[in-house]
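Remarks on the overall topology
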Amino acid sequence: YVSDVTLVPAEGYKVSLNPDGSGASESITFTETAENVVIYLVNAKGQATGAIEVGTIIANFEETPETIPVPDNPYTLSGTKGKGDYYVSDVILTPAEGYKVSLNPDGSDAKDSLTFTVTTENVIIYLVNSEGGVTGPIKVGTIIANYEEPEPDPEPEPDPEPEPNPVTPVTLLDGSGSVSVSHCYYGGKYDVKVSSNTNDASKATVRFKQSGTGIYLNSAPTNVGSYIAEATFPANDKYKAYTATAAFTIDYLPVPAKAYVLDGKKGENDFFVSDVKVSAPEGYLVSTALLGEYTDSITISASKISVRIYLKKKDTGEMTDAIAVQTIKLDKVLPEVDGVESGKEYYSDDYSITVKDENLSKVTLNGEEMELVDGMCTIKLNPDGDAVEYTLVTVDIAGNTTTTVFTIASEWLKDKVIISGKFIVLKAGSAYTLPEGEWRIVLDDGTVDPTVYKGGCTIKVNSDTKLKFSN
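Heads up: these notes are all about the structure in this document.

**Things to note about the sheet that holds strand S7 (residues 75-78)**
Backbone-to-backbone hydrogen bonds join strands into a sheet, with any given pair of strands oriented parallel or antiparallel. The strand order across the open sheet built from three strands is S7-S8-S10, with neighbouring strands paired in antiparallel fashion. The open sheet has two free edges, formed respectively by S7 and strand S10 (114-116), since each of these has just one partner strand. Across the sheet, the mean angle from the axis of one strand to that of its neighbour is 20°, orientation sign disregarded. Inspection of the sheet shows S7 paired to strand S8 (residues 91-95) by four bridges, in the antiparallel sense. By the bridge assignment, Thr76 is partnered in S8 with Thr94.

In structure tokens form, the structure reads like this:
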């Protein structure tokens, strides 16, 4: 489900998660995925049913654009079948043709097949196609591998001939004993202890089953869930055989108060302007997949809306469930300036500059803010017969900034040959060539100098002057 999941009991009943029916209600709402769900129905007299196994409820599953459809017959199981719904050999899970199979939601570590050498509960797989697309979760359930079938009962021996004086049989007393299992977090180890004042505890056999099921297995469970341990104490010459049970759970490791540390160069508006390192707290390792590789830290190199991590205790191997990390926004790229470089001079009377950045925020030219259109800024420059120095400053929303200082000079200044019919700026101390012919000069205020000047010579001015020459 991609939403909350509400479990409603049959009409006339309430529902509880407790074997004694306590805390019963009209319904139970699951806001996140819950595995090994077992419920108890409570009638109007307060009487509770036995355990009802619901299984795994997947709530508020986060579908991603990369999720691909699940094919028909997504996998096959192969191995040597026993007499029941189990295998007496390794079990090989092979994905549908054209796919690989992974135990990780992101499809990492995908293989051509998976081999199960021991019984594994709550198996969930993900198929990966040739293009790297990943399906949503595919529930396989419990795979019982290398199950040890019990030896058949021996043929009954014939009754012995009655003795002349039969011995009166001894009446065995009721045996006793207990079994206990220490609390365990996922990935860690737990202890099973048996004891008896009447029977030999060293000869007791222990089996396990998931709460709400009827199949006991010899292999100890390792997945998160609720379980029953059963210890059978054999009879002796005084006491009958006795069976004891104990309930226990395997839970995810609680998340520490400070689950991670983000380390990177901070920009503006909650952006980072460098790669971000997500480090585990002291005593832990971190991974992006529950069964993935755990290290001291992981590096985020691109913006991510949803980052989930898992923590593992270094000393015990115990692991947490998924931990949501805040949205990480990265922008490591400076705004791109096309057309000019700092310290260079360009000759043109119509010059264009383009600034581009997907997060472009502001562009100024000599202190004047320029217009932005769709993350771009195009600037056209005309030096108006002069050589003009410009300072271009570009800023994106993350605070990345570039400053470019350059000069745009009018075309005629390439060789400093006077042109006709256009106002130009002559600088003091520079020499200019006045071509052959007769020339008149118009001053900057529009006044016409009556003097006729002969060309074919070099001219200079005493101060910066704006003039128009005509011949």
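**Comments concerning the nonpolar core**
Residues Val278, Ile309, Leu311 and Ile328 are the most contacted members of the largest nonpolar core, which totals 18 residues. Secondary-structure elements contributing two or more residues to this core are strand S22 (276-279), strand S23 (284-287), strand S24 (297-300), strand S25 (307-313) and strand S26 (323-325). Looking at this core, the element that brings in the most residues is S25, giving three residues. Beyond its immediate stretch of four places on either side in the chain, Val278 contacts Tyr260, Val261, Leu262, Val286, Asp296, Ser297, Ile298, Ile300, Ile309 and Ile328. Ranked by size, the runner-up nonpolar core spans 17 residues in total, among them Tyr346, Leu365, Tyr390 and Ile408.

**Details of the environment of Asp444**
Within the fold, Asp444 resides in the loop between strand S38 (438-443) and strand S39 (448-454). Taking relative accessible area as the criterion, Asp444 reaches 51% and is therefore assigned exposed. The residues touching Asp444, leaving out its near neighbours within four places in the chain, are Phe423 and Lys466.

**So, the environment of Thr245**
With respect to the helices and strands, the residue Thr245 is situated in strand S19 (residues 242-251). Assessed through its relative accessible area of 52%, Thr245 is described here as exposed. Along the chain, Thr245 and Val179 lie 66 residues apart, while their C-alpha atoms are 6.2 Å from each other. Beyond its immediate stretch of four places on either side in the chain, Thr245 contacts Val179, Tyr216, Ile228, Ala229 and Glu230.

**Quick notes on the pattern of salt bridges**
Under the counting rule described, the total for this entry stands at 13 salt bridges. With a closest N to O distance of 2.5 Å, Lys332 and Asp275 form a salt bridge. Taken together, the residues span a long stretch of sequence, with Lys332 in the loop between strand S27 (329-330) and strand S28 (336-338) and Asp275 in the loop between strand S21 (271-272) and S22 at a distance of 57 residues. Note that Asp296 and Lys314 form a salt bridge whose closest N and O atoms lie 3.4 Å from each other. Of the two residues, Asp296 is situated in the loop between S23 and S24 and Lys314 in the loop between S25 and S26; the sequence distance between them amounts to 18 residues.

What counts and how
- Residues numbered from 1 in each chain as written.
- Predicted model: local features only at pLDDT ≥ 70, side-chain atom pairs only at ≥ 80, totals over all residues.
- Heavy atoms only, no water.
- Pairing = 2+ DSSP bridges.
- Helix = DSSP H or I, 4+ residues; strand = E, 2+ residues; numbered from the N terminus.
- Axes fitted to C-alpha atoms, helices over the stretch in contact; angles between N-to-C directions.
- Core = buried A, V, L, I, M, F, W, Y, C linked by side-chain atoms within 4.5 Å.
- Buried < 20%, exposed > 50% of the residue type's maximum accessible area, 1.4 Å probe, protein only.
- Contact = heavy atoms within 4.5 Å.
- Salt bridge = Lys/Arg side-chain N within 4 Å of Asp/Glu carboxyl O.

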